Amino acid sequence: MTSLFAKRAYLEARWHEQVRITIDDGKITCWDASTSPLPSDELFDIIIPGVPIAHSHVFQRALAGHCERKSPSDRDDFWSWRSNMYKLAEKLNPDSLKPIARQAFSEMLAAGYTSVAEFHYIHHSGDRMHGANNMFDAIVEAAQDVGIRLTYLPILYERAGFGRSNLNTTQQLFALNLDDLFDHFSYANAQADSSMSVGLGVHSLRAVSESSLKQVVNLAKNEECPMHIHIAEQTGEVDECIATHGAKPVRWLLDNFEVEDNWCLVHATHSDEKELASLSSTSAVICLCPTTEANLGDGIFPMKVWKTLEGGIAIGSDSQISINPFEELRWLEYGHRLVLRSRNIYAKKPSTYTGETLFQDAVLGGNRACGHWRTPLAPGSNADLITINEDSPILAGHKSDSVLDALTFCGIHNAIDRVMVSGQWVVKEGRHVTSSKLEEEYAECVNRLWN
Ligand SMILES: [Zn+2]
């Protein structure tokens, strides 16, 4: 049994003062506000829930910053970036994937992310010597080593595009037929425990046939697990979807599948108002990854429309170009401020706080996308939380109401002190508890990959 006492805590979507939280076996057992500390309590200034990453490709941590040099052809876009990403994928094996994943997972924890949905489709090593179970083992061992909560999503990727029947050369790394995917799902699921669960996904509509998608969706429904898909990230794939199916991706998906509340649609960037209006009745979550979407030049999701429809959102670190939940939330808002020439767009109701509203929605939606259905930090939920020092300069002059606005918009300084996952401290004084050793192993691995 552990007990924490905080001057202020953001619990069950509102601020409380003088809060005592008790934790047992990795779960919140109860909390009381307007109370006093007991001698055995650990004392903190501010406690807030940890943030889930609803979309991650952890291996891409080793690519961050390597794709910013203008190409000789002067045609730099998502597809040219993807060519570089494929070159990295060809170099991976379980021995390199593990230190990369450990580094990225530890950085996620230090930034305040406490769980991650890993959308994984590199099912073979570059030398073709290792298969899906070996690559999964590397990811799950990395997550266990650093203590992040993992939702593993084995992804079906079976063709190079709409109307194609096979994969191109590098995409052979992603190849699993349906039987192999389901066997791999069973292998991963057999290892599930209180800190690791397994969902399912398909890469995108362009990457799978309708009949295969149906079978993956049915398994996710039967297993009551999360179902993830990239949808409408690029205008090119939207145009191909219209040419093939006569409809945009979200419209076609809704017309042909029963999209339910276990679905997470990643990058619904190029969706229109009618598609979003239909989607909002399903309770599916849309995952947005603003720093990756900006880095790749994807476009801007019509967030104001989705917010008006009261649709759920989650955030992802995706390509790992940034690993910082507050930066994702800030740019989710800023993209729209720049386009709409307005301010405080996400906070729909008068007198509500933009940073707080973004944070609250991303924590709720992110947990759902990861398959965690309990209200964060409510009794029975996972003890996944962040502590903040109130003497951080960015919080000077802020009462509770605007603490999350300061954390979101005053991006000059990381005010995180400690991070807890499943009742265990994994970050202290702003650093992962084993970060220097991880950094050495990561640097050695990545230097070898790039040189
Ligand atoms: Zn992605």
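Criteria and thresholds
Residues numbered from 1 in each chain as written. Predicted model: local features only at pLDDT ≥ 70, side-chain atom pairs only at ≥ 80, totals over all residues. Heavy atoms only, no water. Helix = DSSP H or I, 4+ residues; strand = E, 2+ residues; numbered from the N terminus. Rg over C-alpha atoms; globule rule 2.2 N^0.38 Å. Buried < 20%, exposed > 50% of the residue type's maximum accessible area, 1.4 Å probe, protein only. Contact = heavy atoms within 4.5 Å. Areas by Shrake-Rupley, 256 points an atom, 1.4 Å probe, with all protein chains shown as cover. Lys, Arg positive; Asp, Glu negative; His and termini not counted. Charge placed at Lys NZ, Arg CZ, Asp CG, Glu CD. Phe/Tyr/Trp six-rings, centres within 6.5 Å; stacked < 30°, edge-to-face > 60°. Lys NZ or Arg CZ within 6 Å of the ring centre and 35° of its normal. 1 Å grid on protein atoms, 1.4 Å probe; cavity = no way out; pocket = protein on both sides within 12 Å on 5 of 7 lines; lining within 4 Å. Points joined across faces, edges and corners; volume = space filled by probe spheres on them. Nonpolar A, V, L, I, M, F, W, Y, C, P; charged D, E, K, R; others polar. Domains from an automatic or database assignment. Buried area = accessible area lost by both parts, 1.4 Å probe. Salt bridge = Lys/Arg side-chain N within 4 Å of Asp/Glu carboxyl O. Polar contact = N/O pair within 3.5 Å; in protein donor to acceptor, adjacent residues only side chain to side chain.

Please clarify how the overall build of the protein chain should be interpreted in this entry.
Along its length, the protein chain carries 14 helices and 17 strands. On C-alpha atoms alone, the protein chain measures out to a radius of gyration of 21 Å, which is about the 22 Å that the 2.2 N^0.38 rule sets for 451 residues. For the C-alpha atoms alone, the extent of the protein chain along its principal axes is close to 65 × 50 × 45 Å. Buried positions account for 58% of the 451 residues belonging to the protein chain. Contacts in the protein chain between residues far apart in sequence, at least 24 positions, make up 74% of those at least 6 positions apart. Carbon and sulfur atoms provide 46% of the accessible area of the protein chain, an area that totals close to 18400 Å². Separation between the mean location of the 40 positive side-chain charges and that of the 59 negative ones in the protein chain comes to 5 Å.

In this structure, what is going on with the packing of aromatic side chains? I would like to understand it.
Working definition: an aromatic ring pair is given by the centre-to-centre distance plus the angle between the planes. The tally for this structure, following the rule as stated, stands at 15 aromatic pairs. Judged by centre distance (6.3 Å) and plane angle (70°), the rings of tyrosine 10 and phenylalanine 359 are edge-to-face. Of the two residues, tyrosine 10 sits in strand S1 (residues 2–11) while phenylalanine 359 sits in helix H12 (residues 354–369), which places them 349 residues apart along the sequence. Grouping residues by exposure puts tyrosine 10 and phenylalanine 359 together as buried. Ring centres 4.8 Å apart and planes at 85° place the aromatic pair phenylalanine 78 and tryptophan 79 in the edge-to-face group. Since its relative accessible area comes to 6%, phenylalanine 78 is described here as buried. By relative accessible area, tryptophan 79 is classed as partly exposed at 31%. Grouping aromatic residues by their ring pairs yields a cluster made of Tyr10, Trp15, Phe326 and Phe359. It is lysine 214 that lies over the ring of phenylalanine 257; its NZ or CZ is 4.9 Å from the centre. Stacked on the ring of tryptophan 425, the Lys or Arg arginine 418 has its end atom at 5.1 Å from the ring centre.

When you look at the layout of surface pockets in this model, what are you seeing that I'm missing?
Empty pockets left among the atoms are what a rolling probe the size of a water molecule brings to light. The volume enclosed by the largest pocket comes to roughly 430 Å³. What lines the largest pocket is a set of 16 residues, among which Lys307, Lys349, Thr357, Gln360 and Asp361 lie closest to the centre. Elements with a contribution of two residues or more to the lining of the largest pocket: strand S13 (312–315) and H12. A breakdown of the residues in the lining of the largest pocket according to their chemical character gives three nonpolar, six polar and seven charged.

I'm lost on the domain arrangement of the protein chain in this one. Help?
Size of an interface, as often reported, equals the accessible area lost when the parts are brought together. Split into domains, the protein chain comes out as domain 1 (2–48 + 380–436) and domain 2 (51–369). Centre-to-centre separation of domain 1 and domain 2, based on C-alpha positions: 28 Å. Taken residue by residue, the interface counts 26 residues in domain 1 and 22 residues in domain 2. Interface area for domain 1 against domain 2, summed over the two sides, is near 2100 Å², with a carbon-plus-sulfur share of 61%. The three residues of domain 1 that bury the most area against domain 2 are Thr408, Phe409 and His432, which together make up 27% of that side's buried surface. Our count for the contact surface shared by domain 1 and domain 2 stands at one salt bridge. Counting every contact that joins domain 1 to domain 2 gives eight residue pairs in polar contact (both at pLDDT 80 or more).

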